[in-house]
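# Remarks on the overall topology
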Amino acid sequence: MSADRFCLDCIIADVHMPGMGGLNLLRELHEQGIMTPVILITALPDKNLDQEAVSRGALCLLRKPFDTNSLLDCVERGLLK
């Protein structure tokens, strides 16, 4: 699907999903010129994941279990971009 066929305000994705994880999703979106803010969530304790998510362009990386207000704050930041 090409970037001009849809518009999303914000994407929330897990780092590990069947088929394509959140980090690869970020890469694919950027390769297609889609700059929609992406919030990643994970249960993984890997501290390197924070830096990798930011370097790939994630707006936020939330660790499960996360506070609902933390998610809402990230969504609000994404919508204001």
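The following paragraphs examine the structure supplied in this document.

Thresholds, definitions, all that
- Residues numbered from 1 in each chain as written.
- Predicted model: local features only at pLDDT ≥ 70, side-chain atom pairs only at ≥ 80, totals over all residues.
- Heavy atoms only, no water.
- Helix = DSSP H or I, 4+ residues; strand = E, 2+ residues; numbered from the N terminus.
- Rg over C-alpha atoms; globule rule 2.2 N^0.38 Å.
- Contact = heavy atoms within 4.5 Å.
- Areas by Shrake-Rupley, 256 points an atom, 1.4 Å probe, with all protein chains shown as cover.
- Disulfide = S-S within 2.5 Å.
- Buried < 20%, exposed > 50% of the residue type's maximum accessible area, 1.4 Å probe, protein only.
- Core = buried A, V, L, I, M, F, W, Y, C linked by side-chain atoms within 4.5 Å.

Take the overall build of the chain next. When you go through the chain residue by residue, the secondary structure sums to three helices and three strands. Counting from the amino terminus, the chain carries its helices and strands in the arrangement β-α-β-α-β-α. In terms of C-alpha radius of gyration, the chain reaches 12 Å, essentially the compact-globule figure of 12 Å for 81 residues. Dimensions of the chain, computed from C-alpha atoms along their principal axes, come out at roughly 35 × 25 × 20 Å. Taking as baseline every contact in the chain between residues at least 6 positions apart, the subset at least 24 positions apart corresponds to 48%. Total accessible area computed for the chain in this model is approximately 5,400 Å², and 54% of it derives from carbon and sulfur atoms.

On to the state of the cysteines, then. Under the criterion given, the structure shown has one disulfide. Among the cysteines around Cys 10, which has no disulfide bond, Cys 60 carries the closest sulfur, lying 8.2 Å off. Relative accessible area serves as the criterion here: at 23%, Cys 10 is assigned to the partly exposed category.

So, about the environment of Val 54. For Val 54, the location among the structural elements is in helix 2 (residues 48-55). Taking the C-alpha atoms as reference points, Val 54 and Leu 23, separated by 31 residues in sequence, lie 9.9 Å from one another.

A word on the nonpolar core. Judged by nonpolar contacts, the single largest core of 14 residues is most densely connected at Leu 23 and Leu 40. Within the residue set of this core, elements represented by two or more residues are strand 1 (11-14), helix 1 (22-31), strand 2 (38-42) and helix 2. The leading source of residues in this core is helix 1, at four residues. Setting aside chain neighbours within four positions, we find Leu 23 in contact with Val 15, Leu 40, Leu 49, Glu 52, Ala 53 and Arg 56. Ile 41, Leu 59, Cys 60 and Leu 62 belong to the second-largest nonpolar core, a separate cluster that totals six residues.

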